[in-house]
Amino acid sequence: MGNVFVLDHPLIQHKLTHIRDVETGTKEFRELVDEVAGLMAFEITRDLPLEEVTIQTPVSEATMKVIAGKKLGLVPILRAGLGMVDGILKLIPAAKVGHVGLYRDPETLLPVEYYVKLPSDVEERDFIVIDPMLATGGSAAAAIMSLKNRGAKNIKLMCLVAAPEGIDLIHRDHPEVDIYLAALDEKLNDHGYIVPGLGDAGDRLFGTK
Ligand code: PRP
Ligand code: URA
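In this text the structure is predicted, and so the values were computed from the model without any measurement.

1. Concerning the packing of helix H4 (residues 138-149) against helix H5 (residues 164-173)
The contact between H4 and H5 brings their axes to 9 Å, and the two run at 25 degrees. What the angle tells us is that H4 and H5 run roughly parallel. Crossing handedness for the pair H4 and H5: right-handed. Packed against H4, whose contacting residues are Gly-138, Ala-140, Ala-141, Ile-144 and Lys-148, the element H5 presents Leu-169, Ile-170 and Asp-173 at the interface. Its residues assigned to classes, the contact of H4 with H5 shows five nonpolar, one polar and two charged.

In structure tokens, the structure reads:
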């Protein structure tokens, strides 16, 4: 069974509180999501393999460590996942970025896929699926399935805020996937929104409401 990691570093918690605040406007919301994504990436990449290289410092030759050329892929779920990509790329600039386009039907709450574009070497990459919200879990579960159907073998899921219902669905459909969160919230309301949550992440990021 994949693990759930709540990355509750004080900086993440502080910034997430401002993200949640209804008074936070689009510009600040976008900046904060970008910053929190970067802070979370720092923790998610903790297990990246290292290799030794020999370099020359101004003083002597030395054997030191660098990241061992691991192939990583980021896959934001459109639209809201886009808001987290740049913050992660600042730390892992060589990562390739795929996209899965999904929206949640407001009546059925079921995900509808409208776009998929992944790096060509899917089978050789480790992927991080990115979405600020894990509510019913339908969108993330569908995105992970989309990657698996195209050959992806090693997938992590990174979200800002999750509801227990979403965690349960990922555990049921993709039990091997590790889930990284900034917060695990209380529940979903009758409209499928996370409580207390942060509202509609896509609308708040792009100013469409
Ligand atoms: C939101 C959010 C997730 C999804 C979560 O996207 O960004 O993708 O809902 O809900 P779920 O876990 O119940 O599937 P939305 O459908 O609003 O699309 P958008 O990103 O284009 O705004
Ligand atoms: N999608 C969002 O953007 N917010 C929620 O709370 C649930 C789904």
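2. As for the site of ligand 1
Taken together, 14 residues are adjacent to ligand 1, and Arg-104, Asp-131, Thr-136, Gly-137 and Ser-139 come closest. In this structure, an oxygen atom belonging to ligand 1 sits 3.1 Å away from a main-chain N or O atom of Ala-80. Out of a free accessible area of 500 Å², ligand 1 has 90% covered by protein chains. Broken down by secondary-structure element, the contributors of at least two residues to the shell around ligand 1 are strand S6 (99-104), strand S9 (133-134) and H4. Its residues assigned to classes, the shell around ligand 1 comprises six nonpolar, five polar and three charged.

3. A closer look at the nonpolar core
Among the nonpolar cores identified, the biggest contains 36 residues, and Ile-19, Met-40, Ile-88, Met-158, Leu-160 and Leu-198 are the most heavily contacted of them. Counting residues per element, the ones that place at least two in this core are helix H1 (10-20), helix H2 (26-44), strand S4 (72-78), strand S8 (126-130), strand S10 (154-162), strand S11 (178-184) and helix H6 (201-206). Of all hydrophobic cores here, the second largest spans 25 residues; its members include Val-100, Leu-147, Ala-162 and Ile-170.

4. Focus: the site of ligand 2
In the vicinity of ligand 2, the contacting residues are Arg-104, Met-133, Ala-135, Gly-192, Tyr-193, Ile-194, Gly-199, Asp-200 and Ala-201. Here an oxygen atom of ligand 2 sits 2.8 Å away from a polar atom, N or O, in the main chain of Ile-194. Protein chains shield 88% of the accessible area of ligand 2, which is 240 Å² for the free molecule.

5. Concerning the packing of aromatic side chains
What characterises a pair of aromatic rings is the spacing of the ring centres plus the angle enclosed by the ring planes. One pass over the structure, following the stated rule, counts two aromatic pairs. A ring pair is formed by Phe-5 and Tyr-180, whose centres lie 4.9 Å apart and whose planes are at 20 degrees; its orientation type is stacked. Remark: Tyr-180 occurs in strand S11 and Phe-5 occurs in strand S1 (residues 4-6); sequence separation between them is 175 residues. On the basis of relative accessible area, Phe-5 is assigned to the partly exposed category, the value being 31%. Look at Tyr-180 and you get buried, because its relative accessible area is 8%. Above the plane of the ring of Tyr-193 lies Arg-104, whose end atom (NZ or CZ) is 5.9 Å from the centre.

6. Section: the pattern of salt bridges
When the charged atoms of two side chains with opposite charge come close together, those side chains can pair. Overall, the coordinates contain 13 salt bridges when judged by the stated rule. A salt bridge links Arg-46 to Glu-43; the shortest N-O distance between them is 2.6 Å. Judged by its relative accessible area of 28%, Glu-43 is partly exposed. A salt bridge links Lys-71 to Glu-124, with the shortest nitrogen-to-oxygen separation between them at 3.1 Å. One end of the pair, Lys-71, is in the loop between strand S3 (61-67) and S4; the other, Glu-124, is in the loop between strand S7 (111-117) and S8, and 53 residues separate them in sequence. Owing to a relative accessible area of 54%, Glu-124 belongs among the exposed residues under this scheme. One network of salt bridges, with partners in common, ties together Lys-71, Asp-121, Glu-124 and Arg-125.

Reading the values: the criteria
- Residues numbered from 1 in each chain as written.
- Chains lettered and ligands numbered in written order.
- Predicted model: local features only at pLDDT ≥ 70, side-chain atom pairs only at ≥ 80, totals over all residues.
- Heavy atoms only, no water.
- Axes fitted to C-alpha atoms, helices over the stretch in contact; angles between N-to-C directions.
- Helix = DSSP H or I, 4+ residues; strand = E, 2+ residues; numbered from the N terminus.
- Parallel < 35°, antiparallel > 145°, perpendicular 65-115°, else oblique.
- Left-handed = near helix turned anticlockwise from the far one by under 90°.
- Contact = heavy atoms within 4.5 Å.
- Nonpolar A, V, L, I, M, F, W, Y, C, P; charged D, E, K, R; others polar.
- Near = heavy atom within 4 Å.
- Polar contact = N/O pair within 3.5 Å; in protein donor to acceptor, adjacent residues only side chain to side chain.
- Areas by Shrake-Rupley, 256 points an atom, 1.4 Å probe, with all protein chains shown as cover.
- Core = buried A, V, L, I, M, F, W, Y, C linked by side-chain atoms within 4.5 Å.
- Buried < 20%, exposed > 50% of the residue type's maximum accessible area, 1.4 Å probe, protein only.
- Phe/Tyr/Trp six-rings, centres within 6.5 Å; stacked < 30°, edge-to-face > 60°.
- Lys NZ or Arg CZ within 6 Å of the ring centre and 35° of its normal.
- Salt bridge = Lys/Arg side-chain N within 4 Å of Asp/Glu carboxyl O.

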